[in-house]
Amino acid sequence: MNHYLHNIMFALSTFCLSIFTSAHAAEFTPENPLILKMTSFAMPTHPVVKDGFLPWGEEIKEKSGGRMILEFYNPNTICPDADTYDCVKSGVIDIGGQVTQRVKGAFPLSNVMDMPMLYPSAEVSQKVFTQLLKEFPELRAEYKDTKLFGVWSGAQFQLHTTNKPIHNIDDIKGLKIGAITASAAPTITALGASPVSVPLSDTYLALMRGQVDAMAAPYAFVVSTKIYEATKFSTTTSLLGNGMYFCMNRDIYESMPEDLRTILDETLNNERFVSFAKVTDQGALHDIETIKQAGQQIFEFSAEDLERGRKLTQPVVDEWIADCETRNLYNGKRFSA
C-alpha cells in the first residue's frame, strides 16, 4: 500500500511539475507570485533557519518585488525528513536544505565532512567543504540530479552528560551516548562508548529517562531541544560535524523567468553559505552562555586529548575510505590526505 501511495505521489508531483514548466512564460506578479516550497532538517528556532533561510526568503521577496516568495515548512511536514533530496529531485518540494548523512551512504564522498575531530567550527568546515566541491567533480556529481546552490556545515558535536563530567578521552569509555545522526555512531564506538540512536526530538526524554548517559549534539541545539535541562555537564570535544547541502529542483529552476533565476543565483552565493555557517556558530555561542547561566558546567578537551581522539577514531576514517573504494570512488584517499 505504501509503495502504491508513493507511486501516486510521484505521478502527481510529475504532473504538477509539467504544468509549471508549460506555464513558466506566464508573468508572476505580487498578486500571483512564484511560491518556492522549502524544507530542511531544522525547526524555525534553529539559528540557520531563523537567521539564515528566513532572512534570505525576505530578501528574494524584496528583490523580486513580491513576485517570488519562500514558503518554509518544518521537518517531516511537507515530506519525510530522510527523503528531502529525493523530494527535491522529483518536484514534491522546490528547495531542500539538509544534512548529507540524513540517509546513510547517499552522499559517500560528502561524508568526508563527518570525519571525527577535524574542525573547530562550522565556518572552518564550510570553507573546507566548499573548496572540495570546487576541486572534485566527483563530489559535485553526487548532486547532479538537482540544482546545487552550495554547501555549508553544521555546528560541531559536543558531549552533554547527566551525572558524570567528561574531562578527557578516558572519561568517555563505558558511557551510553545518544547519537542524533548515523555518522556519530562509529565515532562514539571508536572512543569506547555505546551509541544509542536517538531522534533529535527525543533527546530530552532519552536523557531524563536514563536511556542514555550523555548526548552527542551541537551547542546550537541544547537550548531549543532542552538538553541542558536534563544534563549537568557539557564538554567541548569537536567530536564531529556534518555537511549540509542546499539544492533546488532542476526543472523548476530552469523553467523560471530569467530575472528570477538571476535573483537566486546572486543571493545564493558563497557569502550566503558562509553566513549560514557563521550564524550556526553564533547560535552555539549564544546557547553556551544560556546554559552557563542555568548552572551547566562546561569543560574542554586539551590539545593532547584531541590528538588521542583522532588516533582512536582513525578506523572511522579508514572505514569511510574503504566504502568509497568499494563504490569505485577512489578519490576517497585524496579527499582525506
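First, a word on what this report is: a plain description of the structure on this page. Worth saying up front: this structure is predicted, and the values here are computed from it rather than measured.

Helix and strand counts for the protein come out as 14 helices and 11 strands. The burial tally for the protein puts 52% of its 337 residues in the buried class. Here the analysis covers contacts within the protein between residues at least 6 apart in sequence; of these, 75% occur between residues at least 24 apart. Per element, the accessible surface of the protein, about 15300 Å² overall, is 54% carbon and sulfur.

For the rest of this paragraph, the subject is the side chain of threonine 146. Structurally, threonine 146 is set in the loop between helix 5 (137-140) and strand 4 (147-153). Assessed through its relative accessible area of 1%, threonine 146 is described here as buried. Beyond its immediate sequence surroundings of up to four residues, threonine 146 is in contact with Tyr85, Val88, Lys89, Cys247, Met248 and Arg250.

This paragraph deals with the sheet that holds strand 8 (residues 214-218). Two modes of strand pairing occur in sheets, parallel and antiparallel, and in both the strands are linked by backbone hydrogen bonds. Pairing within the open sheet is mixed, and its six strands lie in the order 7-6-8-5-9-11. Of all strands in the sheet, those with a lone pairing partner are strand 7 (194-197) and strand 11 (297-300), marking the two edges. Direction aside, the axes of adjacent strands within the sheet are offset by 30° on average. In the sheet, strand 6 (residues 176-179) pairs with strand 8 via three bridges, with the strands oriented parallel. When the sheet's bridge partners are listed, isoleucine 177 is paired in strand 8 with alanine 214.

For the structure shown, the criterion picks out 15 salt bridges. Here lysine 144 ties to aspartate 145 by a salt bridge, and the two come within 3.6 Å at their closest N and O atoms. Judged by relative accessible area, which is 55%, lysine 144 ranks as exposed. On the basis of relative accessibility, which here comes to 34%, the residue aspartate 145 falls in the partly exposed class. Note that arginine 310 is salt-bridged to glutamate 307, the shortest N-O span being 3.3 Å. Pair noted here: arginine 310 and glutamate 307 are both in helix 12 (residues 303-312), with a separation of three residues, about one helical turn.

Definitions and limits used
Residues numbered from 1 in each chain as written. Predicted model: local features only at pLDDT ≥ 70, side-chain atom pairs only at ≥ 80, totals over all residues. Heavy atoms only, no water. Helix = DSSP H or I, 4+ residues; strand = E, 2+ residues; numbered from the N terminus. Buried < 20%, exposed > 50% of the residue type's maximum accessible area, 1.4 Å probe, protein only. Contact = heavy atoms within 4.5 Å. Areas by Shrake-Rupley, 256 points an atom, 1.4 Å probe, with all protein chains shown as cover. Pairing = 2+ DSSP bridges. Axes fitted to C-alpha atoms, helices over the stretch in contact; angles between N-to-C directions. Salt bridge = Lys/Arg side-chain N within 4 Å of Asp/Glu carboxyl O.

Coordinates in, geometry out; function isn't part of it.
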